[in-house]
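Chain and residue survey
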Amino acid sequence: QVQLVESGGGLVQPGGSLKLSCVASGIIFRLYTMGWYRQAPGKQRELVAVISSGGTTDYADSVKGRFTISRDNAKNTVYLQMISLKPEDTAVYYCNAFMRLSKDSTPYNYWGQGTQVTVSS
C-alpha cells in the first residue's frame, strides 16, 4: 500500500513561515521525483516545487526565493520550507511522487490527501 502523508499546514499571518512534511511509504523513495503542488479555490492545481532523485530542484516563479524543497531519503520524507508567506499562497498543498523507467514506460504517480495552508491577517 502506497501512502503519502502530509503534515504541517495551518493558519499563519502574512510574512510568517511554515514547514510542510510528507512521509512516503510503500515505494523505493530514493528513486522518485518528489513534488509539492497547490490548488487554490477557482484555480487549477499548479506545481510549486520539485526535487529529482538526484537532488535537482525547480520552483514556480511565484515562490522563488521564499520556498525551499528538500528531501531526506533516510526518512522517506520531503519537506517544503515556506517563508515570507503571502495571502495568495493560501491553498491546499499536495505531495506527489513520480517515477518512470523511460519516456514510453508506464509511470508511477502517487498523491497525498493534502494539507491546508491559510495565510491571513
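As shown above, the structure is provided for reference.
Note that the coordinates shown come from a computational prediction; the quantities given were computed from them, not determined experimentally.

Details of unusual backbone geometry
In terms of backbone geometry, most residues other than glycine have negative phi values and most peptide bonds are trans. For Asn76, which is not a glycine, the phi torsion comes out positive at approximately 50°. Tracing the backbone shows Asn76 in the loop between strand 7 (67-72) and strand 8 (77-82). Here the phi dihedral of Ser84 falls at roughly 50°; this positive angle occurs in a residue that is not glycine. Within the secondary structure layout, Ser84 lies in the loop between strand 8 and strand 9 (91-99). Ser84 sits in the partly exposed class, given a relative accessible area of 38%.

Brief notes about the environment of Lys75
With respect to the helices, strands and loops of the structure, Lys75 is situated in the loop between strand 7 and strand 8. Each C-alpha atom, one on Lys75 and one on Ala40, is 29 Å from the other, the two residues being 35 residues apart in sequence.

Quick word on the packing of aromatic side chains
Per the stated rule, a full pass over the model turns up 2 aromatic pairs. Ring geometry for Tyr32 and Tyr110: centres 6.3 Å apart, planes at 45°, overall tilted. Taken together, the residues Tyr32 in the loop between strand 3 (18-25) and strand 4 (33-39) and Tyr110 in strand 10 (residues 108-111) connect sequence positions 78 residues apart. Above the face of the Tyr79 ring, Lys19 is positioned so that its terminal group lies 4.7 Å from the ring centre. Positioned over the ring face of Trp111 is Arg45, at 4.7 Å from the centre of the ring.

What counts, and where the lines are drawn
Residues numbered from 1 in each chain as written. Predicted model: local features only at pLDDT ≥ 70, side-chain atom pairs only at ≥ 80, totals over all residues. Heavy atoms only, no water. Helix = DSSP H or I, 4+ residues; strand = E, 2+ residues; numbered from the N terminus. Buried < 20%, exposed > 50% of the residue type's maximum accessible area, 1.4 Å probe, protein only. Phe/Tyr/Trp six-rings, centres within 6.5 Å; stacked < 30°, edge-to-face > 60°. Lys NZ or Arg CZ within 6 Å of the ring centre and 35° of its normal.

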